[in-house]
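Listed below, chain by chain, are the residues.
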Amino acid sequence: MRILIISDIHANLTALESVLEDAGDFDAAWCLGDLVGYGPDPNECIARVRQLPELKCVLGNHDAAALEQIDSAAFNPEARQAIQWTRDALTESSLIFLQQLPERIDLDHVTLVHGSPRQPVWEYLLDTFNATRCFEYFTTPYCLVGHTHLPIIYFLQSEHRLAQVYIPSANTRLALNERMIINPGSVGQPRDRDPRAAYAIYDSEEGIWECHRVAYDIAAVQNRMRAQGLPERHIQRLQVGW
Ligand code: ZN
């Protein structure tokens, strides 16, 4: 099966549409949360994701905040402003979709979470020490995560006690082996100084992971954000990808 892996769309429909066009044919789609928050198109992104074939999707921290499951005081003032805007914008149908998202999905070979297998919604996996601990919290060969908006792979080889890190370059293919925690990067708000939308394709039969980047019309999204009065810093950051 050719599976589309997307995460952290953050209500950026232009980035999402560019990813879907670039990805070509796929049999299933796995989404690692944060469909909303920051961007101007929360309902449109949810509607588009819902149509994807064989969809598996987990809840992100911004999705939980939009559902008022998390106090927005836990976010910085600008993120809070974006969350409030999102809460006001979400339709009943979008809310119903977000409400049924699980925090974690355990499939045959892969575990899906937003943050980490230890704390599915909230933990940021940013270093090898914490990544190493997190390998104890899932039993499948692979765990897919989002949340940091950084494409990265942690792998644990049986002869090593500490996980190793690999930062894949854009548009590369690699064979999966050993145990891995993999982040495909963010569709709608990349933070690795590459402003292009990030996503991955996982070929589950061949065990191949493809890292993809695709340019999209950033100015169009920025114009919609300005029209909605969303925070200027969130508008600017899309351009540089941080
Ligand atoms: Zn996010």
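### Comments concerning the environment of Glu103
Examined against the element boundaries, Glu103 turns out to sit in the loop between helix H5 (92–99) and strand E4 (104–106). In the structure, Glu103 is positioned 18 residues away from Val121 in sequence and 6.5 Å away in space, judged by C-alpha atoms. Residues within four places of Glu103 in sequence aside, it is in contact with Val58, Leu59, Leu112, Val113, Pro120 and Val121.

### Quick look at the packing of helix H1 (residues 13–23) against helix H2 (residues 42–50)
Axis separation between H1 and H2 bottoms out at 9 Å; the angle between their running directions is 25°. When the axes of H1 and H2 are compared, the pair comes out roughly parallel. Here Leu13, Leu16, Glu17 and Leu20 of H1 lie close against H2, whose contacting residues are Glu44, Cys45, Arg48 and Val49. When the residues that make up the contact of H1 with H2 are grouped by side-chain class, the tally is five nonpolar, no polar and three charged.

### A short note on the sheet that holds strand E9 (residues 172–175)
The sheet built from six strands is open, its strands ordered E3-E2-E1-E11-E12-E9 with mixed pairing. One side of each edge strand has no neighbouring strand; the edge strands of this open sheet are strand E3 (56–57) and E9. Across four bridges, the pairing between strand E1 (residues 2–6) and strand E2 (residues 28–31) is parallel. Looking across to E2, one finds that Ile6 is bridged to Cys31.

### Describing the coordination of the zinc ion
Taken together, Asp8 (OD), His10 (NE2), Asp34 (OD) and His149 (NE2) make up the full set of protein donors to the zinc ion, lying 2.1 to 2.4 Å away. If you look at the zinc ion, its four donor atoms make angles of 84 to 176° with each other, and the shape they trace is irregular. Residue Asp8 is classed as buried on the basis of its relative accessible area, which comes to 0%. A relative accessible area of 1% places His10 in the buried class.

### Overview of the pattern of salt bridges
One pass over the structure, following the stated rule, counts 12 salt bridges. A salt bridge links Glu123 to Arg118; the nearest nitrogen and oxygen atoms lie 2.6 Å apart. Using a relative accessible area of 9% as the deciding quantity, one classes Glu123 as buried. On the basis of relative accessibility, which here comes to 26%, the residue Arg118 falls in the partly exposed class.

### Quick look at a nonpolar patch on the surface
Among the surface-exposed residues, Trp122, Tyr124 and Leu126 lie close enough to one another that they form a single nonpolar patch of about 290 Å² accessible area. Relative to the elements of secondary structure, Trp122 occurs in the loop between strand E5 (110–113) and helix H6 (128–134). A residue is classified by how much of its surface remains accessible, and Trp122, at 30% relative accessible area, is partly exposed.

Conventions we followed
- Residues numbered from 1 in each chain as written.
- Predicted model: local features only at pLDDT ≥ 70, side-chain atom pairs only at ≥ 80, totals over all residues.
- Heavy atoms only, no water.
- Helix = DSSP H or I, 4+ residues; strand = E, 2+ residues; numbered from the N terminus.
- Contact = heavy atoms within 4.5 Å.
- Axes fitted to C-alpha atoms, helices over the stretch in contact; angles between N-to-C directions.
- Parallel < 35°, antiparallel > 145°, perpendicular 65-115°, else oblique.
- Nonpolar A, V, L, I, M, F, W, Y, C, P; charged D, E, K, R; others polar.
- Pairing = 2+ DSSP bridges.
- Donors = N, O, S within 2.8 Å, 3.2 Å for Na, K, Ca; no water.
- Tetrahedral: all angles 85-135°; square planar, octahedral: opposite > 155°, others 65-115°.
- Buried < 20%, exposed > 50% of the residue type's maximum accessible area, 1.4 Å probe, protein only.
- Salt bridge = Lys/Arg side-chain N within 4 Å of Asp/Glu carboxyl O.
- Patch = residues over 30% accessible without salt bridge, like charges linked within 9 Å, V, L, I, M, F, W, Y side chains within 5 Å.
- Areas by Shrake-Rupley, 256 points an atom, 1.4 Å probe, with all protein chains shown as cover.

Note that all results are geometric; they support no functional claim without further evidence.
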